[in-house]
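For reference, the chains in residue letters:
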Amino acid sequence: MTVSPELPPEAIRDLGRWVADFVADYLATLSEQPIADPTATPARLQAQLDEPLPRAAQGVETALEDFRRKIVAPSVRVGHPRFLAWMRTSPLAGAVFAEALAAALNQSVAVWQGAPAATETERLVLRWLLSLSGYAPEAEGILTSGGSMANFVGMLLARQAAFPEVRQKGLRAMPPAAVYLSPEAHYSQVKAVEMMGLGKEAVRCIPTDAARRMRPDALQEAIRADKRRGIVPLAVGATIGTTATGACDPIADIAAICAEESVWLHVDGAYGGLAASIPTAAACTRGLAQADSFTVDPHKTLFVPFEAGAVFTRHRGLLPATFGARAAYLPNAEEGFQFRDYGPQLSRNFRALKIYLTLKIYGADAILSTWERLHRLAAQFGALLEAAPDFQLVTPVSMGIVAFRYAPADLTDEAALNALNHALVPVLQQQGEAFLSRTHLGETEALRACFISYRTTEDDLPRIMEAVRKAGESVRARWRAAPEAPPRPQSPPASDCAQATPKTP
């Protein structure tokens, strides 16, 4: 007799109730929990998780207890209102349960015949994202794992548009080419150039202005210098909402140069891609419709869980020209629309469902107004920092990102201030009251707060400042107790962009 490994229906219902209760309790109590487990170390977690392969069933209760004790307990509470490190949002409950529904359907959104409703749902969601972003309404696109893959697809589109014979003949069909980025561009754009086989030396690092935005004049000079050397300007990568400071490159000016010089313009809007629909940030997207390709990450912008990115191009037909392939064992293009021809993946999960259900359950207006509130909250935090005698705002607040540093009045040496701000971040993270990241801006070591959680309120702002003070003074107390001089952080390496660029003769 054949025995199914599946649980009986009533046990499945019990499991579902346990999961629903866990999700509800976890989300409801996030604000009361420490953000991080200060005792968590790689060695401790590896020892805690280690066990032989479970060949015999351990049962639901044992498995869930291990999940709660070994995985939940040491996990960072990314949805906490004072988790402001990196760009990790808190998913809404509707989006969390949408993941379970998508997993139950288990649609591979690759061929229409095998996932008809999922395919059409993704096409609808892509149209919704276009409406929210203000990008070209006629654009074609595909959902991706996130911004890194979306940026890679965007760069591949640029290569295909310029050198369509590469798919058949390989890189030998291309002359030397260059890609233009600023030092503030996400590192995935440099990685995309590498993965295309062009190498880091193909990257040109374009200087930025005082607001850390790409300088159009320097861009045009670099493009023309390459043309004089016989190097083909392949693509420019601009950004709406840079990772370090939230800066927005001047898209309209860059687009005009790209049009004049016949260069592909790719805009990374992973974080700021919905700015057109947010009054506090809409100016950042002027000229976006002229971009050749564009990305946005719903798992940053729509409060849905990882993974959910998207990439678009206004050049219809270019995605299948870049990725289309025939297979005898799959439906092909002549048999209808197939997402497998629009990106590098064949096995693709039903990412669109969590976006679809989130927008239907909560409505786009509620999400966009939350972003407007978070941007205003970040500006208010910046004002508090400027008014405080022991903090310094390093760059203007932009797109909900605040770069600042702790600067006690009795510590004026720049090297010591950099050392202090470098050293206090891990202490702050372990304390569990607030969780920030750090970044390096020019010669300044800075703290970085990204207002991306809908749970963050005005009441959290002074608590973040006090947590930073506490961490900073803890570091200084340790320095005072040590006989040697305070440690100095090593100079951080230049960005991959800066490292890559050869000197132009």
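Residues numbered from 1 in each chain as written. Predicted model: local features only at pLDDT ≥ 70, side-chain atom pairs only at ≥ 80, totals over all residues. Heavy atoms only, no water.

Chemist: Can you help me understand the state of the cysteines in this one?
Modeler: Formally, a disulfide is one covalent bond, and it connects the sulfur atom of one cysteine to the sulfur atom of another. On inspection of all chains with the given rule, the structure shows 1 disulfide. In this model Cys 248 forms its disulfide with Cys 284; the gap between the sulfur atoms is 2.2 Å. Disulfide Cys 248 to Cys 284: torsion about the S-S bond roughly 80°, handedness right-handed. With Cys 248 in the loop between strand S4 (232–239) and helix H10 (251–261) and Cys 284 in the loop between strand S5 (264–269) and strand S6 (293–296), this residue pair connects regions lying 36 residues apart in the sequence. With no disulfide of its own, Cys 450 has Cys 248 as its nearest cysteine by sulfur position, at a separation of 13 Å. (Disulfide = S-S within 2.5 Å. Helix = DSSP H or I, 4+ residues; strand = E, 2+ residues; numbered from the N terminus.)

Chemist: I tried to follow the side chain of His 299 on my own but got confused; where do I start?
Modeler: By secondary structure assignment, the location of His 299 is in helix H11 (residues 298–301). On the basis of relative accessible area, His 299 is assigned to the buried category, the value being 5%. Residues in contact with His 299, not counting those within four places in the same chain, are Thr 89, Ser 145, Gly 146, Val 304, Pro 305, Phe 306, Glu 307 and Ala 308. (Buried < 20%, exposed > 50% of the residue type's maximum accessible area, 1.4 Å probe, protein only. Contact = heavy atoms within 4.5 Å.)

Chemist: I keep staring at the nonpolar core and nothing clicks. Help me out?
Modeler: In globular proteins that are soluble, nonpolar side chains generally tend to be buried together. Counting 136 residues, the largest nonpolar core has Val 236, Phe 312, Phe 381 and Phe 451 as its most contacted members. Broken down by element, this core gets its largest block of residues, 9 residues, from helix H15 (residues 414–431). (Core = buried A, V, L, I, M, F, W, Y, C linked by side-chain atoms within 4.5 Å.)

Chemist: What should I look at first to understand a nonpolar patch on the surface in this one?
Modeler: A cluster of nonpolar side chains, contributed by Leu 7, Ile 12 and Val 60, occupies part of the molecular surface with about 190 Å² of accessible area. Here Ile 12 is to be found in helix H1 (residues 9–28). Overall, Ile 12 belongs to the partly exposed group, its relative accessible area being 38%. (Patch = residues over 30% accessible without salt bridge, like charges linked within 9 Å, V, L, I, M, F, W, Y side chains within 5 Å. Areas by Shrake-Rupley, 256 points an atom, 1.4 Å probe, with all protein chains shown as cover. Salt bridge = Lys/Arg side-chain N within 4 Å of Asp/Glu carboxyl O.)

Chemist: What's the story with the packing of aromatic side chains in this structure? I'm lost.
Modeler: If you walk through the whole model with that rule in mind, you get 20 aromatic pairs. A centroid spacing of 5.5 Å and a plane angle of 90° characterise the contact between Phe 381 and Phe 404, whose relative ring orientation is edge-to-face. Within this pair, whereas Phe 381 is found in helix H14 (residues 364–387), its partner Phe 404 is found in strand S9 (residues 401–406), the two being separated by 23 residues in sequence. The class of Phe 404 is buried, set by a relative accessible area of 1%. Feature note: the residues Phe 381, Phe 391, Phe 404, Tyr 406 and Phe 451 constitute an aromatic cluster, connected by ring pairs. Over the ring of Phe 337 we find Arg 123; its NZ or CZ atom is 3.9 Å from the centre of that ring. (Phe/Tyr/Trp six-rings, centres within 6.5 Å; stacked < 30°, edge-to-face > 60°. Lys NZ or Arg CZ within 6 Å of the ring centre and 35° of its normal.)

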